[in-house]
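The primary structure of each chain is shown beneath.
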Amino acid sequence: MHPSRLAGAIAGLAIVLPAAHVAADEIIYETADPFGSPFGLIGFDVFTEQSVAVRFTPAADATLARVSAWFMSNASVPQTRPVTLTIQTDAAPAGFSQPSGDVLETLELIVTAIGWDPQLDTAEASGTTLLRAGETYWLVAEGDFARAQNPVWNWATGVTGYTSTTTPAGAWQQGGDGAVPGLIIEGDAATACPADLDGDGELTLFDFLAFQNLFDAGDPAADFDGDGSLTLFDFLAFQNAFDAGCP
């Protein structure tokens, strides 16, 4: 059914359905916390002149559930703007691995730390972004923060990972194995069928109704094309996910 006809057919329906997003049961990527390092509390500044990215490869298919990251702050007052996190695919245009700019999902992380007291902050995902086993992705952190008033993404203690940062001009520098920011990326293996929005394991009319309700409520879970806004293209993306079926 064409999305516009679908929207018209079910616009008047308001059916309450059980929440499809349950507790995450897969750790996609995880580091240690930032405490106990011989270097003390240290990290990557996230501000207008520098974005930071961590590369990861899921061991199993999972739908992104949430991202948690250890941040402290150079500011002595609470941050009023979020750190923007994006999940991006991998590219190698300059002969090395780097974020491609192809954004699969955008999340907003509110940094609660005041000063150099690291806090583990969490951003919830839409529950519709499927990350494939063996494929390489990047978690990119950026923000509109002035130097010396910005969040600082703490280094994890005792572990390394593949990290890259941008130049002031915005170009990605060649990364490598070394200090890695502290974070946890969680996923839902049981919901690796994005179109199954009512969580019953089948694709039925009720999934269309669930999508319509989410879309009408402005819920990020209806952002099926992952562009951060709700448009006709999300209807098309949902239709494609529904037509693709479940594994």
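Concerning the overall build of the protein chain
Next, step 1: Within the protein chain, the regular secondary structure consists of 3 helices and 12 strands.
Next, step 2: Every one of the 247 residues in the protein chain was classed for burial, and the buried ones make up 47%.
Next, step 3: In the protein chain, 77% of the contacts between residues at least 6 apart in sequence involve partners at least 24 apart.
Next, step 4: Element-wise, carbon and sulfur atoms account for 54% of the exposed surface of the protein chain, whose accessible area totals about 11400 Å².

Some points on unusual backbone geometry
Next, step 1: One non-glycine residue, A148, lies in the positive phi region at around 75 degrees.
Next, step 2: Relative accessible area serves as the criterion here: at 44%, A148 is assigned to the partly exposed category.

Focus: the packing of helix α2 (residues 205-216) against helix α3 (residues 232-244)
Next, step 1: The geometry of α2 relative to α3 is characterised by a closest axis approach of 12 Å and an angle of 155 degrees between their N-to-C directions. On the basis of the axis angle, α2 is roughly antiparallel to α3. Along this stretch, α2 crosses α3, giving a crossing that reads as right-handed. Contacts between α2 and α3 pair D207, F208, F211, Q212 and F215 from the former with D234, F235, F238, Q239 and F242 from the latter.

A few points about the packing of aromatic side chains
Next, step 1: Under the criterion given, the structure shown has 15 aromatic pairs.
Next, step 2: Both rings, one in F211 and one in F235, keep their centres 5.0 Å apart while their planes meet at 80 degrees; by these two values the pair is edge-to-face. Of the two residues, F211 sits in helix α2 while F235 sits in helix α3, which places them 24 residues apart along the sequence.
Next, step 3: For F211, a relative accessible area of 1% puts it in the buried group.
Next, step 4: Judged by centre distance (4.7 Å) and plane angle (15 degrees), the rings of F211 and F238 are stacked. Of this pair, F211 sits in helix α2 while F238 sits in helix α3, placing them 27 residues apart in sequence.

Re the nonpolar core
Next, step 1: Residues F56, V83, L139, W153 and I185 are the most contacted members of the largest nonpolar core, which totals 32 residues.
Next, step 2: Listed by contribution, the elements that provide at least two residues to this core are β1 (26-30), β3 (52-56), β4 (62-73), β5 (83-91), β6 (98-109), β9 (137-142), β10 (151-165) and β12 (183-188).
Next, step 3: The leading source of residues in this core is β4, at 5 residues.
Next, step 4: Residue contacts for V83: discarding those within four places in its chain leaves V46, F71, L107, E108, L109, V111, A141, E142, F145 and P151.
Next, step 5: A195, L197, F211 and F238 belong to the second largest nonpolar core, which has 13 residues in total.

A few points about the pattern of salt bridges
Next, step 1: Inspection of every chain in the model, using the stated rule, returns 4 salt bridges.
Next, step 2: Members of the salt-bridge network, linked through shared partners, are R66, E124 and E186.

Here's the deal with the environment of A32
Next, step 1: Tracing the sequence through the fold places A32 in the loop between β1 and β2 (43-45).
Next, step 2: As a C-alpha pair, A32 and I184 span 152 residues in sequence and 8.8 Å in three-dimensional space.
Next, step 3: Not counting the four nearest positions on each side in its chain, A32 is found in contact with W70, A156, T157, V159 and G182.

Focus: α2
Next, step 1: Between its terminal C-alpha atoms α2 stretches 17 Å, which fits the 16 Å expected from 12 residues at 1.5 Å a residue.
Next, step 2: Every buried residue of α2 is listed here: D207, F208, L209, A210, F211, Q212 and F215.
Next, step 3: Directly beyond the C-terminal end of α2, a positive phi value near 70 degrees is found at G218.

Quick notes on the side chain of S126
Next, step 1: Among the secondary structure elements, S126 is positioned in the loop between β7 (119-124) and β8 (130-131).
Next, step 2: In this structure, S126 is in contact with E105, P220 and A221, ignoring residues within four places of it in sequence.

What to know about the pairing of β5
For a regular strand, the rule is simple: side chains alternate between the two faces of the sheet.
Next, step 1: Sheet topology places β5 next to β6; 8 bridges connect them, and they run antiparallel. Directly across from A91, in β6, lies its bridge partner Q98.
Next, step 2: What sits between the antiparallel neighbours β5 and β6 is a turn of 6 residues, in which G95 has the positive phi angle 90 degrees.
Next, step 3: Of the strand pairs in this sheet, β5 and β9 are connected by 6 bridges, and their pairing is antiparallel.

Definitions and limits used
- Residues numbered from 1 in each chain as written.
- Predicted model: local features only at pLDDT ≥ 70, side-chain atom pairs only at ≥ 80, totals over all residues.
- Heavy atoms only, no water.
- Helix = DSSP H or I, 4+ residues; strand = E, 2+ residues; numbered from the N terminus.
- Buried < 20%, exposed > 50% of the residue type's maximum accessible area, 1.4 Å probe, protein only.
- Contact = heavy atoms within 4.5 Å.
- Areas by Shrake-Rupley, 256 points an atom, 1.4 Å probe, with all protein chains shown as cover.
- Axes fitted to C-alpha atoms, helices over the stretch in contact; angles between N-to-C directions.
- Parallel < 35°, antiparallel > 145°, perpendicular 65-115°, else oblique.
- Left-handed = near helix turned anticlockwise from the far one by under 90°.
- Phe/Tyr/Trp six-rings, centres within 6.5 Å; stacked < 30°, edge-to-face > 60°.
- Core = buried A, V, L, I, M, F, W, Y, C linked by side-chain atoms within 4.5 Å.
- Salt bridge = Lys/Arg side-chain N within 4 Å of Asp/Glu carboxyl O.
- Expected span 1.5 Å × (residues − 1).
- Pairing = 2+ DSSP bridges.

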